[in-house]
Amino acid sequence: MNLKRFSIVYVVTALALIAIVSVVQAVLGFRIANGGMSIIPAIVAGMIEGQRYARAHRALPEGADMWRFAKAAALVILGLSLVFAVVFSLIMPDLRQMMSDPVGASVLFAGSLLQAALGLVLVRFFVGMGAKSQLTAIRKQEERE
């Protein structure tokens, strides 16, 4: 499992979600964004890492390896979440004001910690799920040949 690829997929997925939400809001006039959307990048990146592992090794990753990767991924998620908060505070006055207040900054940090904790569990689960689905697809492909 590759942490660099995980990070790239995570960021691209997060930016794609932001773009989709913005387009829907601009075109249809309503917001589809919600707090639950923040877990989607971890799910997508975890699934892709599991699929890549299964393709490369033709096996499921060991449980300990998945947990080790999930822990590292959670730290990446925490770091990216904090970077996103800082970057978006530069373009969003409400977020900038929230970050300038100690209580607001603490709330944002707590949210980032929660996102990382959820990411830990989600990445572990979806790496395994991605690997299983890829192995099933590989076996079906081999049966057809």
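Keep in mind the model is a prediction, meaning the values are calculated, not measured. (Residues numbered from 1 in each chain as written. Predicted model: local features only at pLDDT ≥ 70, side-chain atom pairs only at ≥ 80, totals over all residues. Heavy atoms only, no water.)

### What to know about the packing of helix 1 (residues 3-28) against helix 3 (residues 63-91)
Piece 1. In the contact formed by helix 1 and helix 3, the axes pass within 10 Å of each other and the chain directions differ by 40 degrees. If you check the angle between helix 1 and helix 3, you find them oblique. The element helix 1 and its partner helix 3 pack so that their crossing is right-handed. Across from Leu3, Phe6, Ser7, Tyr10, Val11, Ala14, Leu15 and Ile18 in helix 1, the residues of helix 3 making contact are Phe69, Ala72, Ala73, Val76, Ile77, Leu80, Phe84 and Phe88.
Piece 2. Split by residue class, the contact of helix 1 with helix 3 holds 15 nonpolar, 1 polar and no charged. (Axes fitted to C-alpha atoms, helices over the stretch in contact; angles between N-to-C directions. Helix = DSSP H or I, 4+ residues; strand = E, 2+ residues; numbered from the N terminus. Parallel < 35°, antiparallel > 145°, perpendicular 65-115°, else oblique. Left-handed = near helix turned anticlockwise from the far one by under 90°. Contact = heavy atoms within 4.5 Å. Nonpolar A, V, L, I, M, F, W, Y, C, P; charged D, E, K, R; others polar.)

### Quick notes on the packing of helix 2 (residues 40-57) against helix 5 (residues 102-144)
Piece 1. Relative orientation of the contacting elements helix 2 and helix 5 amounts to 40 degrees, with a least axis distance of 6 Å. In terms of orientation, helix 2 and helix 5 fall into the oblique class. As helix 2 packs across helix 5, the resulting crossing turns out to be right-handed. Here helix 2 contributes Ala42, Ile43, Gly46, Met47, Glu49, Gly50, Gln51, Ala54 and Arg55 to the contact with helix 5, which in turn contributes Gly119, Leu122, Val123, Phe126, Val127, Met129, Gly130, Ala131, Ser133, Gln134, Leu135 and Ile138.
Piece 2. In the contact of helix 2 with helix 5, the residues fall into 12 nonpolar, 7 polar and 2 charged.

### Considerations on the confidence of the model for the chain
Piece 1. Residues with a pLDDT of 70 or more make up 100% of the chain, whose mean pLDDT is 94.
Piece 2. Ranking the elements of the chain by mean pLDDT puts helix 4 (residues 93-100) last with 88 and helix 2 first with 97. (pLDDT = per-residue confidence, 0-100.)

### Things to note about a nonpolar patch on the surface
Piece 1. There is a patch of nonpolar side chains on the surface, built from Ile20, Val23, Val27, Leu28, Phe30 and Ile32 and spanning about 560 Å² of accessible area.
Piece 2. Structurally, the position occupied by Val23 is in helix 1. (Patch = residues over 30% accessible without salt bridge, like charges linked within 9 Å, V, L, I, M, F, W, Y side chains within 5 Å. Areas by Shrake-Rupley, 256 points an atom, 1.4 Å probe, with all protein chains shown as cover. Salt bridge = Lys/Arg side-chain N within 4 Å of Asp/Glu carboxyl O.)

### Things to note about the environment of Gly111
Piece 1. Looking at the element boundaries, Gly111 is found in helix 5.
Piece 2. The class of Gly111 is partly exposed, set by a relative accessible area of 35%.
Piece 3. Spatially, the C-alpha atom of Gly111 lies 16 Å from that of Pro41, the residues being 70 residues apart in sequence. (Buried < 20%, exposed > 50% of the residue type's maximum accessible area, 1.4 Å probe, protein only.)

### Here we look at the packing of aromatic side chains
Piece 1. All chains considered together, the criterion is met by 4 aromatic pairs.
Piece 2. Aromatic pair Phe6 and Phe69: ring centres 5.7 Å apart, planes at 85 degrees, arrangement edge-to-face. Pair noted here: Phe6 is in helix 1 and Phe69 is in helix 3, with a separation of 63 residues, a long-range link.
Piece 3. Under the relative-accessibility criterion, Phe69 is labelled buried at 7%.
Piece 4. Here Phe125 and Phe126 contribute two aromatic rings whose centre-to-centre distance is 5.0 Å and whose plane-to-plane angle is 90 degrees, an arrangement assigned as edge-to-face.
Piece 5. An aromatic cluster is defined as three or more aromatic residues linked by ring pairs; in this entry it consists of Phe6, Tyr10 and Phe69. (Phe/Tyr/Trp six-rings, centres within 6.5 Å; stacked < 30°, edge-to-face > 60°.)

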